[in-house]
Amino acid sequence: MLRIAVPNKGSLSGAASAMLHEAGYQQRKESKELVLVDPENEVEFFYLRPRDIAIYVSSGRLDIGITGRDLLLDSGAGAEEILPLGFARSTFRFAAKPGTATSVADFGGLTIATSYEGIVVKYLADKGVDASVVHLDGAVETAIELGVAQIIADVVETGTSMRNAGLEVVDEPIMKSEAIVVRRNGADADEPKVQQFLRRLQGVLVARTYVMMDYDCRAEHLERAVALTPGLESPTISPLHNEGWVAVRAMVPSREAQRIMDDLYELGARAILTTAIHACRL
Ligand SMILES: Nc1ncnc2c1ncn2[C@@H]1O[C@H](COP(=O)(O)OP(=O)(O)OP(=O)(O)O)[C@@H](O)[C@H]1O
Ligand SMILES: O=P(O)(O)OC[C@H]1O[C@H](OP(=O)(O)OP(=O)(O)O)[C@H](O)[C@@H]1O
Ligand SMILES: [Mg+2]
């Protein structure tokens, strides 16, 4: 049985379970369940704190896990990213009251509050900046108002929390994060059960970002139409009963679907349809 760590709380938890469910796996029905066995798929899910997941996976007790890229880096655990999952996207940034600092080089002698001490200490060391770091569990934005620190380093998604605390970001983002799949450093990359799990998640990612497009067009416009809808490998072309017309079928990125439909219509294509993809293996 493949043993997989899934976030039990926080920003990653709901989206990770939703993605696993879309990939055909059973998921727990209530948040107090700690372990769930899915015998049909030969998988066992362990619901763990997102921060602990890279540590469990690096110990070799669990085969793979879903966590955040920032949490993996912060843990310093011997685990590596094998698939980005496209949700819980954020940046990790420094912020301060306006006028405190314009770059990391100004942080010398100051105190920085963060829940991600591992990332911050390493970053400051790489930059050769001598600042103190104080660890807080959350609501880090308030640390400056309460005098615990002059700088914070925290997750920024929309920037609302920082703005509400009257802070502005300082310097470039330390890193970009999103949910990822991790496994132990150096573990066998070709393990069939792991490969099958990754293919299922990749199938969900593709189903979420592509739609299937069908349309009819005159044969003389085919090359221009295909340039608009090249598909992933190459579009399917079928003859229509009406001579001189063909039917085309190709996957297109959902974000571009409406623009492509407009362009195809301009080209003379008709009966242009898009349908959702529920699952796929590429
Ligand atoms: N507002 C957010 N938007 C996107 N990702 C976020 C956000 N807040 C936290 N994350 C991501 O979630 C992961 C941290 O999860 P964790 O459960 O430890 O904290 P949390 O989501 O802030 O939950 P809580 O504060 O309720 O414990 C990190 O990968 C982080 O980048
Ligand atoms: O840029 P924003 O869209 O405002 O999102 C970022 C905020 O979201 C998270 O906080 P959370 O609500 O999890 O509280 P916490 O700080 O206690 O973890 C994170 O720690 C930031 O504070
Ligand atoms: Mg939080």
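Every chain's residues receive numbers from 1 upward, in the order its sequence appears when written. As they are written, the chains are lettered A onward and the ligands numbered 1 onward, keeping that order. In keeping with the model being predicted, local features are shown solely for residues with a pLDDT of at least 70 and side-chain atom pairs are shown and tallied solely at 80 or more, while totals for entire chains, interfaces and linings include all residues.

As annotated in an unreviewed UniProt entry, the chain carries the name ATP phosphoribosyltransferase and is attributed to Streptomyces niveus. Per UniProt, the comment on the chain under Sequence similarities (unreviewed entry) is "Belongs to the ATP phosphoribosyltransferase family. Long subfamily." The UniProt entry for the chain carries the following text under Subcellular location (unreviewed entry): "Cytoplasm". UniProt positions are given in the numbering used here, feature names are shortened, and annotations may be inferred rather than shown by experiment.

## So, the site of ligand 2
Residues are counted as near a molecule or strand when the C-beta atom, derived from backbone positions, lies within 6 Å of that molecule or strand. In the vicinity of ligand 2, the contacting residues are Gly138, Ala139, Val140, Glu141, Asp154, Val155, Val156, Glu157, Thr158, Gly159, Thr160 and Ser161. Considering each element in turn, the shell around ligand 2 owes the most residues, three residues, to strand S9 (residues 151-156). Split by residue class, the shell around ligand 2 holds four nonpolar, five polar and three charged. For the purposes of this entry, the term helix denotes a DSSP run of H or I that reaches at least four residues, the term strand denotes a run of E that reaches at least two, and both are numbered from the N terminus. Residue polarity is assigned by list, with Asp, Glu, Lys and Arg as charged and Ala, Val, Leu, Ile, Met, Phe, Trp, Tyr, Cys and Pro as nonpolar; anything else, Gly included, falls into the polar class.

## Examining the confidence of the model for the chain
Per-residue pLDDT for the chain has a mean of 97; in total, 100% of the residues score no lower than 70. Interface confidence for the predicted complex, expressed as ipTM, amounts to 0.97; the pTM equals 0.92. Confidence scores here are pLDDT values: one per residue, from the predictor, ranging 0 to 100.

## Side note on the domain arrangement of the chain
Considered domain by domain, the chain is made up of domain 1 (2-87 + 178-187), domain 2 (90-176) and domain 3 (211-276). Measuring from the centre of the C-alpha atoms in domain 1 to the corresponding centre in domain 3 gives 39 Å. In this document the domain limits rely on a domain assignment from an automatic tool or a database.

## Side note on the site of ligand 1
Of all residues adjacent to ligand 1, which total 15 residues, the nearest are Gly10, Ser11, Gly68, Ala88 and Glu157. Broken down by class, the residue content of the shell around ligand 1 amounts to five nonpolar, six polar and four charged.

## A closer look at the environment of valine 248
Relative to the elements of secondary structure, valine 248 occurs in strand S14 (residues 245-253). With 26 residues separating them in the primary sequence, valine 248 and leucine 222 have C-alpha atoms 8.6 Å apart. Apart from the residues within four sequence positions on either side, valine 248 is in contact with Tyr215, Cys217, Ala225, Val226, Thr229, Pro235 and Ile237. What counts as a contact here is a pair of residues whose C-beta atoms, placed from the backbone, lie within 7 Å.

## So, the UniProt feature "domain: ATP phosphoribosyltransferase catalytic" (unreviewed entry) in the chain
When the UniProt feature table is mapped onto this chain numbering, "domain: ATP phosphoribosyltransferase catalytic" (unreviewed entry) sits at residues 49-203. The distance separating the terminal C-alpha atoms of residues 49-203 is 26 Å; by composition the span is 27% helix and 31% strand.

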